[in-house]
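For reference, the chains in residue letters:
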Amino acid sequence: MAQVQAVILVGGEGTRLRPLTYGTPKPMIPIAGVPFLARTMERLHEAGIDDVILAAGYMPLAISEYFGDGASFGMHVTYAIEETPLGTAGALKNVEEYITGPFFVFNGDVLTSLDLRAMLDVHRKKGGAGTLHLIQVADPSAFGCVAHDDDGRISAFIEKPAPGTAPCNDINAGTYLLEREVLDAIPAGRPVSIERETFPQCIAGGKRLYAHVTNDYWIDLGRPENYLAAHRDVLAGVMPLLVEPGITGSGAAELRDKRSIVEPVHLDAGTSIDPTATVGPNVVLGRSCWVGAGAVVRDSVLWDDVRVGPHAAVDEAILASGVRIGTGATIGAGSVVGHGYVVPDGVQVPPGSRLSDR
Ligand code: GTP
């Protein structure tokens, strides 16, 4: 995809995913064992987009140490670090000097199967200042609703409309393809929101923005329940990411005794599971995890080096790297446990808990 660059917005603090984001910035949170941003990079590379600008701010070193100059991904990566958050449009203005032509913008927390080449074709055909990926949802009240005519020309942006008042069900899905002229509409040096300020101003100023409505897989990973839902969809093959659903991951091949596994699961290398434990369905175990005798882990994502003690139970939970679950402890549904946290033997963690050492 010649000469199209990409800006990925990765500067948010990810407050809704705390305590996970105390130790890991949201773009580096793993999806089936691989940082989400690395999966996005792979997607861009496959689409022929190799010139990427990362608009970062929160924990930027965790990002730049992983990707370096991008060469190991076959890409060229430029970093723009914001000292204070500039918002979703301010972040674009901040990278203006690197932008040479039309460019994709990605919210750094959207998992989607959108075909980028198809979107570029649409943009070239329509010829406006920007093309926005939209998807249809039953209830747009929690999203940014985007009104457009039959030709796709966008007429209004309605952020989080009150239930029942939205003029349509198409929502902003967080991927844009913009011409450089859109940057002219963004004031420099202060926080600016692209959804609330820049896009509405573009329309008011007569610039043409077009909708690209698709029925692709799409989810915003920014909330714990969505993070778990995304994994369920990846493991089920609904979101095409893993080669083949079932028992996947390098740890699956290593595991000799699969009696304890209920498909689908994804196991990374060095994982050890007692044959009397139950792991799955819908479980991801990162590198070097250990599940003891009689323990049960269901519908959960465990990062690296997590130990689930004998007869412990983990259900619909997210456990960050280094977490220890004591013998016989139970982790209630919807709980999120931060890096290195130790749940003592026998403790019953109530549903929806957020546990961390901070
Ligand atoms: P919450 O605090 O949980 O709302 O998460 P967030 O801070 O990531 O905000 P949100 O989910 O609304 O952000 C959407 C995308 O824009 C994410 O990929 C963020 O990393 C990114 N983003 C949000 N604000 C900024 C910013 O000020 N600068 C940059 N560079 N990126 C941002």
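Scroll up for the structure.
*Asks:* Can you lay out the overall build of the chain for me, pointing to particular residues and giving the numbers?
*Replies:* Of the regular secondary structure elements, the chain holds eight helices and 30 strands. Over its C-alpha atoms the chain spans a radius of gyration of 21 Å, differing by no more than 12% from the 21 Å that the globule rule assigns to 358 residues. Its C-alpha atoms put the chain at 65 × 50 × 40 Å along the principal axes. Restricting to contacts in the chain with at least 6 residues of sequence separation, those with at least 24 account for 51%. Accessible surface, the chain as shown: approximately 14,700 Å² in total, 50% of it carbon and sulfur. Separation between the mean location of the 28 positive side-chain charges and that of the 42 negative ones in the chain comes to 1 Å.

*Asks:* Pulling in residues and values, what's your account of the environment of D115?
*Replies:* Here D115 shows up in the loop between β7 (110-112) and α5 (116-126). On the basis of relative accessible area, D115 is assigned to the partly exposed category, the value being 43%. Distance from D115 to D51, taken between C-alpha atoms, is 18 Å for residues 64 residues apart in sequence. In this structure the side chain of D115 is engaged in a polar contact, spanning 3.1 Å, whose partner is the backbone nitrogen of A118.

*Asks:* A description of the site of the ligand should follow, citing residues and the corresponding values.
*Replies:* The environment of the ligand is made up of 19 residues, and the closest members are L9, T15, E82, G87 and G108. Within the contact set of the ligand, a nitrogen atom lies 3.1 Å away from a backbone nitrogen or oxygen of G11. Between an oxygen atom of the ligand and a main-chain N or O atom of L86, the distance comes to 3.2 Å. The cavity where the ligand resides is the largest pocket. Counting residues per element, the ones that place at least two in the shell around the ligand are β1 (5-10) and α4 (87-93). A per-element tally of the shell around the ligand places α4 first, with three residues.

*Asks:* Account for the pattern of salt bridges, with residues named and values stated.
*Replies:* Should their charged atoms come close, side chains of opposite charge can pair. Applying the stated criterion across every chain yields a total of ten salt bridges. Among the ionic pairs, D109 bridges to K26, the shortest N-O distance being 2.7 Å. With a gap of 83 residues between them, D109 in the loop between β6 (103-107) and β7 and K26 in the loop between α1 (20-23) and β2 (30-31) connect regions that are remote in the sequence. Taking relative accessible area as the criterion, K26 reaches 13% and is therefore assigned buried.

*Asks:* Got a sec to walk through the packing of aromatic side chains? Specific residues and values, please.
*Replies:* Under the defined criterion, the tally for this structure stands at seven aromatic pairs. Their ring planes at 15° and their centres at 5.4 Å tell us that F157 and F199 sit as a pair that is stacked. With F157 in strand β10 (residues 154-159) and F199 in helix α6 (residues 194-204), this pair connects stretches of sequence that are 42 residues apart. The burial state of F157 is the same as that of F199; both residues are buried.

*Asks:* So what's going on with the sheet that holds strand β27 (residues 336-337)? Residues and values would help.
*Replies:* Taken in spatial order, the seven strands line up as β14-β15-β18-β21-β24-β27-β30 in an open sheet, and their pairing is parallel. Edge positions in the open sheet fall to β14 (247-248) and β30 (354-355), since each of these has one partner strand only. When strand β21 (residues 301-302) meets strand β24 (residues 318-319), the two strands line up parallel, connected through two bridges. Residue pairing across strands places L302 opposite L319, the latter belonging to β24.

*Asks:* An account of the side chain of R43 is requested, with residue identities and associated values reported.
*Replies:* Assignment of secondary structure puts R43 in helix α2 (residues 36-46). Ignoring anything within four residues of it in the chain, the contact list for R43 reads F106, T112, L114 and L116.

*Asks:* Please give an account of the sheet that holds strand β28 (residues 342-343) that cites residues and values.
*Replies:* Working definition: the strands of a sheet are paired by backbone hydrogen bonds and lie parallel or antiparallel to each other. Reading across from one edge, β16-β19-β22-β25-β28 is the order of the five strands in this open sheet, with parallel pairing throughout. At either end of the open sheet lies a strand with only one pairing partner, and these are β16 (272-273) and β28. Note that strand β25 (residues 324-325) and β28 share two bridges and pair parallel. In the sheet register, R324 faces β28, and the bridge partner there is V342.

What counts and how
- Residues numbered from 1 in each chain as written.
- Predicted model: local features only at pLDDT ≥ 70, side-chain atom pairs only at ≥ 80, totals over all residues.
- Heavy atoms only, no water.
- Helix = DSSP H or I, 4+ residues; strand = E, 2+ residues; numbered from the N terminus.
- Rg over C-alpha atoms; globule rule 2.2 N^0.38 Å.
- Contact = heavy atoms within 4.5 Å.
- Areas by Shrake-Rupley, 256 points an atom, 1.4 Å probe, with all protein chains shown as cover.
- Lys, Arg positive; Asp, Glu negative; His and termini not counted.
- Charge placed at Lys NZ, Arg CZ, Asp CG, Glu CD.
- Buried < 20%, exposed > 50% of the residue type's maximum accessible area, 1.4 Å probe, protein only.
- Polar contact = N/O pair within 3.5 Å; in protein donor to acceptor, adjacent residues only side chain to side chain.
- Near = heavy atom within 4 Å.
- 1 Å grid on protein atoms, 1.4 Å probe; cavity = no way out; pocket = protein on both sides within 12 Å on 5 of 7 lines; lining within 4 Å.
- Sits in = over half its atoms within 2 Å of the grid points.
- Salt bridge = Lys/Arg side-chain N within 4 Å of Asp/Glu carboxyl O.
- Phe/Tyr/Trp six-rings, centres within 6.5 Å; stacked < 30°, edge-to-face > 60°.
- Pairing = 2+ DSSP bridges.

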